[in-house]
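What follows is each chain in one-letter form.
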Amino acid sequence: MFDDSDYLDNVLNQPNIRKTKFTEWMKTNALYEEARELTYSDFPSKWVWHNKDKEWKLRKQRLCVGRIFYSHPGSGERFYLRMLLNIVKGPRSFEEIRTVNSVLYPTFKSACYALGLLDDDKEWHEALNHASYWASGKQLRELFATMLIFCEVADPYKLWISNWKLLSEDILQRERRILRYNDLHLSDSQLQDYALCDIERLLNKNARSLREFETMPYPNTLLLSQSSNRLLQEELDYDRVVLAEEHIKLLKGLNYEQRKIYDAVIGSVIEKKGGVFFVYGHGGTGKTYLWRTLICRLRSEGKIVIAVASSGIAALLLPGGRTAHSRFQILINITDSSTCGIKQGSQLANLMARTDLIIWDEAPMTHRNCFEAVDRSLRDILRFSDPQSEEKPFGGKTIVLGGDFRQILPVVSKGRREEIVEASVNRSSLWKYCTIFTLTKNMRLEQNPDDNAAKEFAEWILKIGEGELDDSEGEALIKIPSDLLIPHGTHPINDIVDAIYPELQTKYTDAKYLEDRAILAPTNDAVQDINDYIIDLINEGEETYLSADSICKAASNIQDQELMYPVEFLNSLKFPGIPNHKLRLKVGIPIMLLRNLNQSAGLCNGTRLLVTQLSKWVLEAKIISGTHVGHKVFIP
Ligand SMILES: Nc1ncnc2c1ncn2[C@@H]1O[C@H](COP(=O)(O)OP(=O)(O)OP(=O)(O)O)[C@@H](O)[C@H]1O
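This write-up is about the structure you can find in this document. Throughout, a residue's number is its position along its own chain's written sequence, starting from 1. In keeping with the model being predicted, local features are shown solely for residues with a pLDDT of at least 70 and side-chain atom pairs are shown and tallied solely at 80 or more, while totals for entire chains, interfaces and linings include all residues. The basis for the side-chain values is all heavy atoms of the structure; hydrogens and waters are excluded.

Each residue is tested against the molecule or strand, and it is near if at least one of its non-hydrogen atoms lies within 4 Å. In the neighbourhood of the ligand, 15 residues make up the surrounding shell, with Gly253, Gln258, Lys287, Thr288 and Tyr289 lying closest. Identification of polar contacts relies on pairs of N or O atoms within 3.5 Å, with a donor-acceptor requirement for protein atoms, meaning one able to donate a hydrogen and the other able to accept it, and with residues adjacent in sequence counted only if both atoms are side-chain atoms. Contact distances for the ligand include 3.3 Å between an oxygen atom and a backbone N or O atom of Thr285. Note that an oxygen atom of the ligand is positioned 2.8 Å from one of the backbone N or O atoms of Tyr289. If the ligand stood free it would expose 630 Å²; the protein chains cover 75% of that surface. Method for areas: the Shrake-Rupley scheme with a 1.4 Å probe, in which residue coverage is limited to the protein chains shown.

Segments assigned H or I by DSSP are reported as helices when at least four residues long, segments assigned E as strands when at least two residues long, and all are numbered from the N terminus. Mapped onto the elements of the fold, Leu167 is located in helix α8 (residues 156–167). Taking C-alpha positions, Leu167 is 9.6 Å from Ile199, a pair spaced 32 residues apart along the chain. In what follows, a contact means two residues having at least one pair of non-hydrogen atoms within 4.5 Å. In contact with Leu167, other than residues within four places in its own chain, are Leu128, Gly137, Leu140, Arg141, Phe144, Trp160 and Ala195.

Here we take up the sheet that holds strand β14 (residues 608–614). The strands making up a sheet are joined through hydrogen bonds of the backbone, oriented either antiparallel or parallel. Here four strands make up an open sheet; going across it, the order is β13-β14-β15-β16 and the pairing antiparallel. Edge strands, defined here as strands with exactly one partner in the open sheet, are β13 (590–592) and β16 (632–635). Going across the sheet, the axis of each strand differs from the next one's by a mean of 45°, ignoring polarity. Pairs of strands are assigned from DSSP output, requiring at least two bridges between the strands. Pairing geometry for strand β15 (residues 619–623) and β16, over four bridges, is antiparallel. Bridge assignment links Ala621 to a residue of β16, and that residue is Val633. As a rule, the C-alpha atoms of each element are fitted with a line to give its axis, helices using only the stretch in contact, and angles between N-to-C directions run from 0 to 180 degrees.

What follows deals with unusual backbone geometry. Despite not being glycine, Asn101 shows a phi value in the positive range, around 50°. Mapped onto the fold, Asn101 is located in the loop between β3 (99–100) and β4 (103–104). Despite not being glycine, Glu503 has its phi angle at roughly 55°, a positive value. You can see Glu503 is positioned in the loop between α23 (492–500) and α24 (504–507). A relative accessible area of 53% places Glu503 in the exposed class. The rule is simple: take the accessible area with a 1.4 Å probe, protein chains only, and divide by the maximum for that residue type; under 20% is buried, over 50% is exposed, in between is partly exposed.

Time to look at a nonpolar patch on the surface. Nonpolar side chains (Val, Leu, Ile, Met, Phe, Trp, Tyr) are joined into patches within 5 Å and like charges within 9 Å, using only residues with over 30% relative accessible area and no salt bridge. Salt bridge, as applied in this entry: a Lys or Arg side-chain nitrogen positioned within 4 Å of an Asp or Glu carboxyl oxygen. Together, Phe457, Ile461, Ile464, Leu469, Ile478, Ile480, Leu484 and Leu485 give the surface a local cluster of nonpolar side chains, amounting to about 640 Å² of exposed area. By the element assignment, Ile461 lies in helix α22 (residues 452–466).

What follows covers the packing of helix α13 (residues 240–253) against helix α15 (residues 287–300). Contact geometry for α13 and α15: axes closest at 8 Å, N-to-C directions at 140°. As the angle between them shows, α13 and α15 are arranged oblique. As α13 packs across α15, the resulting crossing turns out to be left-handed. The residues of α15 that touch α13, namely those facing Arg240, Leu243, Ala244, Glu246, His247, Lys249, Leu250, Leu251 and Gly253, are Tyr289, Arg292, Thr293, Cys296, Arg297, Arg299 and Ser300. Its residues assigned to classes, the contact of α13 with α15 shows six nonpolar, four polar and six charged. For this classification, under 35 degrees means roughly parallel, over 145 means roughly antiparallel, 65 to 115 means roughly perpendicular, and everything else is oblique. Should the near helix be turned anticlockwise from the far one by less than a right angle, the crossing is left-handed, and should it be turned clockwise, the crossing is right-handed. Here the nonpolar group is Ala, Val, Leu, Ile, Met, Phe, Trp, Tyr, Cys and Pro; Asp, Glu, Lys and Arg are the charged ones; every other residue, Gly included, is treated as polar.

Tracing the backbone through its elements, the reader meets Ala458 in helix α22. Residues Ala458 and Arg444, spaced 14 residues apart in sequence, show a C-alpha to C-alpha distance of 9.7 Å.

Interhelical geometry of helix α9 (residues 171–179) versus helix α10 (residues 188–205) gives an angle of 85° and a closest axis separation of 10 Å. Taken together, α9 and α10 sit at an angle that is classed as roughly perpendicular. Contact residues: Ile171, Leu172, Arg174 and Glu175 in α9; Leu191, Tyr194, Ala195 and Asp198 in α10.

Attention now moves to the nonpolar core. As used here, the term nonpolar core means buried Ala, Val, Leu, Ile, Met, Phe, Trp, Tyr and Cys residues forming a set that is joined through side-chain atoms within 4.5 Å. Phe144, Met147 and Trp160 are the most contacted members of the largest nonpolar core, which has 62 residues in total. Domain start and stop points were drawn from an automatic or database domain assignment. Counting the residues that make up this core, at least three belong to each of domain 1 (14–114) and domain 4 (484–635). Residues within four places of Phe144 in sequence aside, it is in contact with Leu128, Pro156, Leu159, Trp160, Leu167, Ile199 and Met216. Judged by nonpolar contacts, the second largest core, of 35 residues, contains Leu232, Ile306, Ala324 and Cys370.

A word on the side chain of Arg327. The residue Arg327 is located in helix α17 (residues 324–328) in this model. Since its relative accessible area comes to 5%, Arg327 is described here as buried. Apart from the residues lying within four places of it in its own chain, the contact partners of Arg327 are Leu231, Glu235, Ile306, Val308, Arg322, Leu348, Leu351 and Met352.

Further remarks concern the side chain of Asn442. Its location among the elements puts Asn442 in the loop between β10 (434–439) and α21 (443–447). Its relative accessible area of 14% is what places Asn442 among the buried residues. Engagement of the side chain of Asn442 in a polar contact is seen with the backbone nitrogen of Arg444, the distance being 3.0 Å. If near-sequence neighbours (up to four positions away) are discounted, Asn442 is found in contact with His282, Gly283, Gly284, Thr285 and Ala458.

This part takes up α8. Taking 1.5 Å as the rise per residue, α8 with twelve residues should run 16 Å; its terminal C-alpha atoms sit only 14 Å apart, a clear shortfall. Within α8, the full set of buried residues consists of Pro156, Leu159, Trp160, Asn163, Trp164 and Leu167. Projected down its long axis, α8 shows its buried positions confined to an angular sector of 155°, all on one face. Elements that come into contact with the buried residues of α8 comprise α6 (122–131), α7 (137–150) and α10. How far a helix is expected to stretch is found by multiplying one less than its residue total by 1.5 Å. Directions drawn from the helix axis to the C-beta atoms are what define this arc.

Have a look at this one:
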């Protein structure tokens, strides 16, 4: 305490003036082991500040929430120190606050960066650099394209120009091999052109282009034009002999119901009659098997089949499958008068014009507006080559929709039951054109006819779908048979992990063991608890990844929004589909991707992978589910 009239020197020389809550916090950390388990923001939850003695003492009662004074991002080191105080536990000095993984950093900002808390291009430079120890030039180009699409790189040109040598290190050898000319020499600008060409193609597969990144150079158009019909080429680039052989095998296996559908669809394609078919069958009735038979037959004859599914993970089960949204360029915010983003005269429009069959799996999951948008777009594109197309559903193409209405219906945000039903494909004006086929025989059970438990389960689940377990309309309580439940004792997480992953510590390196099991949890918090528990069981070095969260400046014009949303608040937010601020990983653990990173490489929302190497800025993982099992990929 001091008065206005006191001399400044006297005030500054008071014995307690140098003791602040903050400096005493570090002193307390030095004195008490138990104090060192808390961050500065958590400290008041267990310790209380005694202003008279200028001392922190252990709290005896009541819980308390700590709050650190706000510091504006423009205030430099103070802002970064504040950021660290939400993370660092128990430091005894300023130096310890700036120490990350035993390295003392010169500034709080550089320590924040080392922890991955800053959104800065330096991290993408380092990710490419780290990955170059493990990855080939081709894999690095894929990583670079992923960064351009998903990582909001601030200066793509700088990233390119500082790393182009790494990104093109395999190109000279590749071209020598292709041209069978061992003395081939390529100049730096030619090497850059080839690498940029590859990157442009990778971006095109995700409906993006280098042209969108203003500072990035565009490759020599002559080189690119060698693959001008890339989309068509991709769809025609199948080994017809292998497909023909596979088709013979699959065709022999078709059951009566599948064969009837096969004949109807093939007839429609061959006679170019067009038509909309809907194949309705519950899980295991052989829809995917039927799609594969149709696809093998037509592709082996050089015909084009576009195979799409409503979700990325279902698309992976189809040979050459993509999500419907990405293949048809369907808008995310779709209305009942939308069309797709397919431009007349574009490669995609040409591909559509040449398409013989469209297969759309899991159709009941998709909003009817999407089918109607594709229908409108196809009529519009095809009327140039055949004016009558405008009058025909889907412009006269043959289209097969498949799925099961007992499973997931379209997601209507905060929608009531009627709204969800109204959004389904069978409420669309196109439904009247549909020829409906039903598959009833569970072929999955046929493979193990003696597995009575599987049979009972399949019957039970079907009864739920048919509403036969309860008479009530709408919501109902379903009693789960006791043999399907995991009995739990005092530690439910331990019980569920033990039941699903027995002997985890010895078996976690076995990809098959991991591929066959999964725990589904209803909330992110439950996922976090289970993940933390499992990660602690695995005896490997751990790497922690923190997100760099900030408010999108374009999203609103509110002044002082940094003040309203301090960083630790943003970090504490948890959203479905987005990992929490802190992600703990170890080599050997299975992970699931939450974005459609690169569908043609099998990387989509739901793909399961096994972590094989970890660096601070990039991780290497092996795919363990879908069509690209065994492939190694790099994720920034
Ligand atoms: N005609 C058939 N001959 C032999 N095996 C078949 C046949 N039809 C399906 N199967 C096999 O039965 C299993 C289930 O089939 P499939 O995956 O095609 O069913 P589905 O209807 O797509 O199932 P879900 O809806 O659960 O994805 C697969 O292992 C598949 O290989």
